[in-house]
Amino acid sequence: MMRAVLVAAAVGDTIRGVNLGGWLVLEPWILPKFFEKANEGVPRAKDNKFTIVDEYTMRSAKDGTNDRAAMLRDHWQTWVTEDILETLANAGITHLRVPVGYWYFVYPSHEESVFGRFKSDHAMALEQLKKVANEWAKPRGLHILLDLHTAPGSQNGFDNSGRRGNITLLNGTNLQDWARAVDKLSEWATANIDPDVLFGIEVMNEPAGFASDAIWDAIKNYIDPKGYEAVRRHNSDLNVIFETGFKTFPEEPNFTEGKYKNVWFDQHTYFCFGWYNTISYNGIEKAWPWHLEAACNETKNYAVAKSVKGTWAFAGEWSLATTDCTIYLSGGINNGCNMTAHPDCKYNATPTMDGHDDICQYQNRPAEQLPEDYKAFLATYARAQMDAFEASNGWFFWNFRTEGGHAPEWDYLVGLEHGWMPQNAGIREPFCAAQTKPATIFV
């Protein structure tokens, strides 16, 4: 009972948060123009694809037309603003999940030629993070979750891991180097972030538990326990968060009271990748109700974290996307492209590759051009997912913004501006729990 009282006092009844993605870990789909600018004048790969496709290649590629170090410095200082935090706090947002790269704290010696090139600027990035937390978030009652979003060698092969391609987390000293990064992150956070603001540390984002038994075993037996130990070396009470590794809550090990305390699980729930794209092929009359039902069905899955695991949990990432149509979203830059036949190709989404480009044309429009019925669906879909995730301890929407608002289904600020995100997430009208639903949910 003491643990429940302690944590409840620290975080409030329910987490209603957003991710500050694309800030201290760069992702091409969040920042497409930024990456295209970074690639200007940089020699292309042998297959004619862009060379800079993630943060690792952003740092390691040969010099091009633009000063990429200057681009980074400007981006760190402008992507998150005090006005944005004010808007989010006024909209009922309580928490900010902040993805950070391991390279700000420590990196393997063999990566000196990559991250060492920009090392003198890393202090600037951390000072900006400190300002955002202590000077902008604290006065507004916002809490910060620091999420170690990347790992040496890549924990999942996605560009959001910092390095797209092979998963080599288990090779060489990568795991040990990751553990050093968690330790240094925990040390820095405890010393620099106001304790009233610092909600917790997430030790590794999205390790690929689906990729092999070896990685799933490493998550259970090394990553989570070692990550916990690293945080506890510097802070005896801070919340420690484990991402579920693409497994369900019941599959997770038990980290309950006794040996562990203040442990949380972070589950990421998306209805837009892989097979989910095919739902949209059935037309909006079938696809939209399907997504609403699927969202509400997550209520029981998130309730499991309380009823079965006996620990704290939240949805650390979710969105309003129903396909992977957003440029560079799935597979990254040049995914689905035949660069020989179409040398100007930037990205082909799954619906486009399946002959349904009309679906992407429908969704890939500026917010002000979206049809009213689609906006109404997004509003209902947002409420449905919020309802489901609050069956556990809450949620963090991915993402707080996208470059130029180019991806409306992924952009909380755009949703607020155009009305499909609730003006106050804490006092919205519920959807899933309603005993009777309106005859049509799209008006």
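Predicted model only: the values in this text are computed from it and were never measured.

### Looking at the overall build of the protein
At step 1: Along the protein, the regular secondary structure elements total 14 helices and eight strands.
At step 2: Taken over the C-alpha trace, the protein has a radius of gyration of 21 Å; the compact-globule value for 443 residues is 22 Å, and the two agree within 12%.
At step 3: Overall, the C-alpha framework of the protein stretches about 65 × 60 × 45 Å when taken along its three principal axes.
At step 4: Counting every position in the protein, which comprises 443 residues, the buried fraction comes to 59%.
At step 5: Looking at the protein alone, contacts between residues at least 24 apart form 75% of all its contacts between residues at least 6 apart.
At step 6: Taken as a whole, the protein presents about 17400 Å² of accessible surface, with 50% of it coming from carbon and sulfur.
At step 7: Counting 40 positive and 56 negative side-chain charges, the protein places the centres of these two groups 4 Å from one another.

### Overview of the environment of Trp288
At step 1: Mapping Trp288 onto the fold places it in helix H10 (residues 284–307).
At step 2: Of the residues examined, Trp288 reaches a relative accessible area of 5% and is grouped as buried.
At step 3: Along the sequence, Trp288 and Tyr374 sit 86 residues apart, while their C-alpha atoms lie 9.1 Å from each other.

### Overview of the pairing of strand S4 (residues 198–202)
Remark: a regular strand shows side chains that alternate across the two faces of the sheet.
At step 1: Of all five residues in S4, five are buried; the element is thus mostly enclosed.
At step 2: Relative to S4, strand S3 (residues 143–148) runs parallel, the two being bridged by four bridges. Directly across from Leu145, in S4, lies its bridge partner Gly200.
At step 3: Between the parallel pair S3 and S4, the chain is carried across by helix H8 (residues 174–192), and the sense of this crossover is right-handed.
At step 4: Of the strand pairs in this sheet, S4 and strand S5 (residues 239–243) are connected by three bridges, and their pairing is parallel. Counterpart to Ile201 in the pairing with S5 is Val240.

### Focus on the side chain of Asn174
At step 1: Counting through the fold element by element, Asn174 comes out in helix H8.
At step 2: Setting aside residues up to four positions removed in sequence, Asn174 forms contacts with His110, Pro152, Gly153, Thr168 and Leu169.

### A word on the pattern of salt bridges
Any two side chains of opposite charge can pair, given that their charged atoms come close.
At step 1: Inspection of the entire model under this criterion finds 21 salt bridges.
At step 2: Across the salt bridge formed by Glu55 and Arg59, the nearest N and O atoms sit 3.0 Å from each other. Here the residue Glu55 and the residue Arg59 both occupy positions in helix H3 (residues 55–60), the gap between them amounting to four residues, near one helical turn. No difference in accessibility class separates Glu55 from Arg59, as the two residues are buried.
At step 3: A salt bridge links Arg117 to Asp63, with the shortest nitrogen-to-oxygen separation between them at 3.0 Å. Linking Arg117 in the loop between helix H6 (112–115) and helix H7 (119–137) with Asp63 in the loop between H3 and helix H4 (68–78), this pair joins segments that are 54 residues apart in sequence.

### Topic: the state of the cysteines
At step 1: Throughout the structure, instances matching the rule amount to three disulfides.
At step 2: Paired through a disulfide, Cys337 and Cys345 show a sulfur-sulfur distance of 2.0 Å. Between Cys337 and Cys345, the S-S dihedral sits near -65°, and the bridge is therefore left-handed. For the pair formed by Cys337 and Cys345, the shared burial category is buried.
At step 3: Sequence-ordered numbering of the bonded cysteines in the protein gives a pairing of 1-6, 2-5, 3-4.
At step 4: Cys272 carries a free sulfur, and the closest cysteine sulfur to it, the one in Cys325, is 9.8 Å from it.
At step 5: Residue Cys272 is classed as buried on the basis of its relative accessible area of 0%.

### Some remarks on the environment of Asn338
At step 1: Checked against the element boundaries, Asn338 lands in the loop between strand S7 (312–317) and helix H11 (350–353).
At step 2: Accessibility expressed as a relative area gives 43% for Asn338, which makes it partly exposed.
At step 3: Spatially, the C-alpha atom of Asn338 lies 9.4 Å from that of Lys49, the residues being 289 residues apart in sequence.
At step 4: Reaching out from Asn338, the side chain makes a polar contact with the backbone nitrogen of Thr340 at a distance of 3.1 Å.

The rules behind the values
- Residues numbered from 1 in each chain as written.
- Predicted model: local features only at pLDDT ≥ 70, side-chain atom pairs only at ≥ 80, totals over all residues.
- Heavy atoms only, no water.
- Helix = DSSP H or I, 4+ residues; strand = E, 2+ residues; numbered from the N terminus.
- Rg over C-alpha atoms; globule rule 2.2 N^0.38 Å.
- Buried < 20%, exposed > 50% of the residue type's maximum accessible area, 1.4 Å probe, protein only.
- Contact = heavy atoms within 4.5 Å.
- Areas by Shrake-Rupley, 256 points an atom, 1.4 Å probe, with all protein chains shown as cover.
- Lys, Arg positive; Asp, Glu negative; His and termini not counted.
- Charge placed at Lys NZ, Arg CZ, Asp CG, Glu CD.
- Pairing = 2+ DSSP bridges.
- Right-handed = clockwise from strand over helix to strand, strands pointing away.
- Salt bridge = Lys/Arg side-chain N within 4 Å of Asp/Glu carboxyl O.
- Disulfide = S-S within 2.5 Å.
- Polar contact = N/O pair within 3.5 Å; in protein donor to acceptor, adjacent residues only side chain to side chain.

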